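Here is how the chains run, residue by residue.
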Amino acid sequence: MQEKYVPADVEAAAQSHWQAIDAYKINECSEKPKFYCVSMLPYPSGKLHMGHVRNYTINDVMYRHLRMRGYNVLMPMGWDAFGMPAENAAMANGVPPAQWTYENIAYMKKQMNAMGFAIDWSRELATCKPEYYKWNQWFFLKMLEKGLVYLKTGIVNWDPVDQTVLSNEQVIDGRGWRSGVLVEKREIPMYYMRITDYADDLLQDLNKLDWPERVKVMQQNWIGKSFGVTFGFPYTLDGEQKLLYVFTTRADTIMGVTFCVISTEHPLAKRLSEDKPELKTFINECKQGGVTEASIATQEKKGIATGFFVTHPLSGESIEIWIGNYVVMSYGEGAVMGVPAHDERDFAFAHKYNLPIKQVITVPGKEFSIEVWQAWYGDKEATLCINSGKYNGLNYHAAIDTIAADLNSKGLGKKQVMFRLRDWGISRQRYWGTPIPIIHCDACGAVPVPEKDLPVVLPENLVPDGTGNPLATSIEFLNCTCPKCHKPGRRETDTMDTFVDSSWYFSRYTCPDADTMVDARTNYWMPMDQYIGGIEHAILHLLYSRFWTKVMRDMKLVSFGEPAKNLLTQGMVLNETYYREDMSGKKTWFNPSEVNVHFDDKARPISASLSLDGQEIVLGEIEKMAKSKNNGVDPQSLINQYGADTARLFVMFAAPPEQQLKWSESGVDGASRFLRRLWNFGQSNATLLSATDVYIDTTNPTDQSLRRKIHTLLKQANYDYQRAQYNTVVSAAMKMLNAIENDHRTSGAGVMRECYGILLRILYPMVPHITHGLWTALGYDRQSGELLDTTWPEVDTSALIQAEIELILQVNGKVRGSLKIARDASRQSIEQAALGHEMTIKFSKGMTQKKVIIVPGRLVNLVIS
Ligand code: ANZ
Ligand code: ZN
């Protein structure tokens, strides 16, 4: 055994051992219960960042703990390898995205291995490989067959200079990120997946999931189920009788309508603008805003009166139509009834354009005032209709029922359930993605690629230059024959949204070599027992995965309807930020590694200077590690300086998995010092610790006391492992080492060996290399096998019991002292000890004893007089 702890040596030895025995290759042939734990697969951006390290360490700790607990555990890994950054890097460096991606994968894989993660690499997948995306294509065609995929026009951002479609992130302040020109909106045909068919299913099944409550709430809000009424305002145009439909959740306020607002994209807006150029101008102006619902919600409310009127369906009043930017075409009917007294947005609109505000609901005992109007909207259970003719006095529910019935009897409307969720547009006008398996033929139209011709392989040698999709000019890719009429055809050049790739990869891990999409092994491993990833994926990725899984279930490909039973969303990794600001207010951010920080006597940072020039720089806020703030710590430098075990121990100790973790150099130092102590203790007591033929003397008080401490801590650690509260496991381990160090001179070899062996196993999931090294060097493996598969230490409950207890001593009911006595002492010996106690002697002088009362485990009371 090496005298000094040299992490690089210890880690290399452990890793090459695990590699030699193919330690993490797992299959389905097992009597053991299965446990499938998966981390969200990384984008191969170049190198691991601390967020990855944290995510995979949590996963690894869970893996190693449960494997020792007797589970058949699988932890796979893969690469979310398609997507825009590869195209941007390709443009910047002139290399094909494929090359850049594969190089990154190779480097990051090496880093993961250096961290010692228990990954079964035989199941590795990269979503940009044809053997994977073939099944995206196959499933797309199956969904097309079932009507779950359809073609519809969608709006995209069009850069007129670069002649390319831009993603929302590529539009900055309404302009193309490269060209800087104003972006236009274009309508193009796109493929959609009918996730809305599953809206209710997706909502209901949230109840079955053991997921963080806030993730469930986010999903619920995204699905957005609303109960309301859809009805029409009659009007006549071009000699025809028509209805302007609106959706409202507050039909009880229908008598308070003072205007209607339609979306700029509403067909009626288009029709009316034909007669009025100012409407057309307004609509065009609005086109320059964002297309997302979020951007619509935040922009300033604007509108224009059309001078066109519809009829109120119940009062018969004339109501003017406005065109407004706050009404989205994709929700409800793309039109709203304006009730400014009781709706926030309508109020702002009416206020701005001086439209009448008419109160139609009240809460008894409360005055209506424009300033507090929101109260009327919020507390709907307490409202009653007023100024509403025959509906006066009705409460919210009664009013909606009656009004819906009246509209219904006129044939103008009915109650309706509305979802906010929209179908999933999966077409992307990008190169680096799964090709959509469609062939365009002049005679036959859009023809699906026959199953036998899959995959449609994406050429890996193209280099995008920022002017449109390179597939569109690749003759080799484009040219093909129409599967129907065998005349020349042209391939679809759109590729799939990368959320498609990540919607089912966890199922493919279970059968990476299958010549079907999934097979029986999928039903063995899936659903995931634990899914781990960032909160940023709480909505889209998880929702699409859940949808995809349900479609797979309905196609009888799998027997489960939810991908993950348990979800852990790990907290962010934060660090200090440092910057300098120039005259124009532009900030330059410096990496913590280039900075010297000066602390006050309470170790609080007070100032900082740049190492390079010694000059002051500004201490910024503590923020999420990010490129934009240049405050990341490179895990590689940590591995090089301290070793992987220190990095792992630090991230596990610094915070519970779900909470934010603040980077701290001194925390890393502390973790490193602790591991050195662990090593030194094992090393300097090697002879004592490796003696295997020693008897544990359970009557020796020092031994008893150490065992009691260690088993009490073990009990706590086991509980914390169970609830994945790993930071407190580390504190328990630290306390264990303290106790062992304190008692080692007076304890027997047997107890020392037992206690140190418990400590190694408790620490092993977090710091597998050093514990593996010590376990083997001290010969624990000869007795109990590899640390990898040895049994988890169980609490010896008899060790928890204290040998001696303390009883309160009373004389005539007054507390006079206490009595230390063996836990199992007889009544007689308790009496004797009580009578012989100095306080008894002092307080019973000259009196005679009448009675001895013993409350077991608590007190002795001597009655004397
Ligand atoms: C009148 C009204 C009065 C409304 C009132 C609310 C409060 P949720 O709950 O999200 O379903 N709305 C309907 N379609 C819209 C669209 N395409 N764009 C923007 N807003 C639209 O929201 C339903 C409410 O959102 C509807 O109820 C409608 O305003 C508005 F005191 O109608 B309400
Ligand atoms: Zn054809």
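Residues numbered from 1 in each chain as written. Chains lettered and ligands numbered in written order. Predicted model: local features only at pLDDT ≥ 70, side-chain atom pairs only at ≥ 80, totals over all residues. Heavy atoms only, no water.

Caption draft 1: Spatial organisation of the UniProt feature "binding site: ATP" (unreviewed entry) in the protein. UniProt feature "binding site: ATP" (unreviewed entry): in the numbering of this structure it lies at Lys-627. Mapped onto the secondary structure, Lys-627 falls in the loop between β32 (616–624) and α19 (635–642). The class of Lys-627 is exposed, set by a relative accessible area of 82%. (UniProt positions renumbered as here; feature names shortened; annotations may be inferred. Helix = DSSP H or I, 4+ residues; strand = E, 2+ residues; numbered from the N terminus. Buried < 20%, exposed > 50% of the residue type's maximum accessible area, 1.4 Å probe, protein only.)

Caption draft 2: Broad picture of the UniProt feature "domain: Aminoacyl-tRNA synthetase class Ia" (unreviewed entry) in the protein. The feature "domain: Aminoacyl-tRNA synthetase class Ia" (unreviewed entry), as annotated in UniProt, sits at residues 417–577 and 623–663 in this numbering. Split by type, residues 417–577 is 20% helix and 24% strand. Its first and last C-alpha atoms lie 48 Å apart. For residues 623–663, helix accounts for 44% and strand for 10%, while the C-alpha atoms at its two ends are 10 Å apart.

Caption draft 3: Local environment of the nonpolar core. In this structure, Phe-140, Tyr-505, Tyr-531, Tyr-756 and Ile-762 are the most contacted members of the largest nonpolar core, which totals 174 residues. Element by element, the count of residues in this core is highest for helix α24 (residues 726–743), at ten residues. Within the second largest apolar cluster, 41 residues are counted, among which are Ile-254, Phe-282, Phe-308 and Ile-323. (Core = buried A, V, L, I, M, F, W, Y, C linked by side-chain atoms within 4.5 Å.)

Caption draft 4: Main features of the pairing of strand β29 (residues 587–590). Two elements, strand β28 (residues 573–581) and β29, share four bridges in a ladder whose sense is antiparallel. Its bridge partner lying in β29, Tyr-578 is registered against Phe-590. Count of turn residues in the β28/β29 antiparallel hairpin: five residues, of which Gly-585 carries a positive phi of about 85°. (Pairing = 2+ DSSP bridges.)

Caption draft 5: Seen up close, the site of ligand 1. In the vicinity of ligand 1, 18 residues are found, and the nearest of them are Ser-226, Thr-248, Val-328, Tyr-331 and His-342. Within the contact set of ligand 1, an oxygen atom lies 2.4 Å away from a side-chain nitrogen or oxygen of Tyr-331. The side chain of Arg-345 places a nitrogen or oxygen atom 3.2 Å from an oxygen atom of ligand 1. Isolated, ligand 1 exposes 650 Å² of accessible area, and the fraction of that covered by the protein chains is 87%. Looking at the shell around ligand 1, the elements with two or more residues in it are β11 (240–248) and β15 (335–338). Residue composition of the shell around ligand 1, by class: nine nonpolar, six polar and three charged. (Near = heavy atom within 4 Å. Polar contact = N/O pair within 3.5 Å; in protein donor to acceptor, adjacent residues only side chain to side chain. Areas by Shrake-Rupley, 256 points an atom, 1.4 Å probe, with all protein chains shown as cover. Nonpolar A, V, L, I, M, F, W, Y, C, P; charged D, E, K, R; others polar.)

Caption draft 6: Focus on the environment of Pro-464. Inspection of the secondary structure assignment puts Pro-464 in the loop between β22 (445–448) and α14 (475–478). Separated by 244 residues in sequence, Pro-464 and Arg-708 place their C-alpha atoms 67 Å apart. Discounting residues that sit within four places of it in the chain, Pro-464 has contacts with Glu-87, Ala-90, Met-91, Pro-97, Tyr-431 and Pro-470. (Contact = heavy atoms within 4.5 Å.)

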